[in-house]
Every structure is written in structure tokens, then in C-alpha cells.
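An overview of the molecular structure
The residues making up each chain are set out below.
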Amino acid sequence: MSDPNFAQQAGEFGVDAAIDTTADNLINPILDGVASHVPGAEGFEQMLNTEVDQVINNEINTEVNKGFGGMIQDSENLFNRE
């Protein structure tokens, strides 16, 4: 607990976890609906959910952890393409 960044890291972890859970709760029903229309999908439905959740969560967390400055830079890059 002597690490001065411990509280910040714990806070970031908590925010990431809350966002991940919310995203999973939104995305998984959609995936389940799609998988219900694919014959034999029961065998890989959980794997599909886990993989999609991981990819989406990583992308969301990357954007959130950039902070406001990073998001502004991304927006500027969209308009300053050659």
C-alpha cells in the first residue's frame, strides 16, 4: 500500500470492471440471439461470448483510459487526414 499510484490503479480497475460488465450485459443477449439461429451453435456460444466480450472490452477500456486529451487527439486525427 506504499505505492502512491495504488489508489489510482484501483480506481481505474473499478471503472474498467463496471464498463466491462455493462458492455457484456448489452452485447451478450445480441450474440445469444444470433447464435440461436445458427444450427449447432450451442457448442461454441459461450466461447463466442467470451471472445467478443474480451475484444470489445479491450477496445472500450483503451478509449476510456486515454482520457479526455487522448479522445480529442483521436478526433483531430479524423479531420486532419491527408
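The following refers to the structure shown. What you see is a predicted model, and the numbers here were worked out from it, not measured in a lab.

Moving on, we get to the overall build of the protein chain. The helix and strand inventory of the protein chain stands at 2 helices and 0 strands. In the protein chain, which comprises 82 residues, the proportion classed as buried is 17%. By element, 61% of the accessible surface of the protein chain is carried by carbon and sulfur atoms, the whole surface being about 6300 Å².

This part takes up the side chain of N49. Its location among the elements puts N49 in helix 2 (residues 45-79). Side chain to side chain, N49 and D32 meet in a polar contact 3.1 Å long. Discounting chain neighbours no more than four positions away, the residues touching N49 are N28, L31 and D32.

Quick notes on the rules
Residues numbered from 1 in each chain as written. Predicted model: local features only at pLDDT ≥ 70, side-chain atom pairs only at ≥ 80, totals over all residues. Heavy atoms only, no water. Helix = DSSP H or I, 4+ residues; strand = E, 2+ residues; numbered from the N terminus. Buried < 20%, exposed > 50% of the residue type's maximum accessible area, 1.4 Å probe, protein only. Areas by Shrake-Rupley, 256 points an atom, 1.4 Å probe, with all protein chains shown as cover. Polar contact = N/O pair within 3.5 Å; in protein donor to acceptor, adjacent residues only side chain to side chain. Contact = heavy atoms within 4.5 Å.

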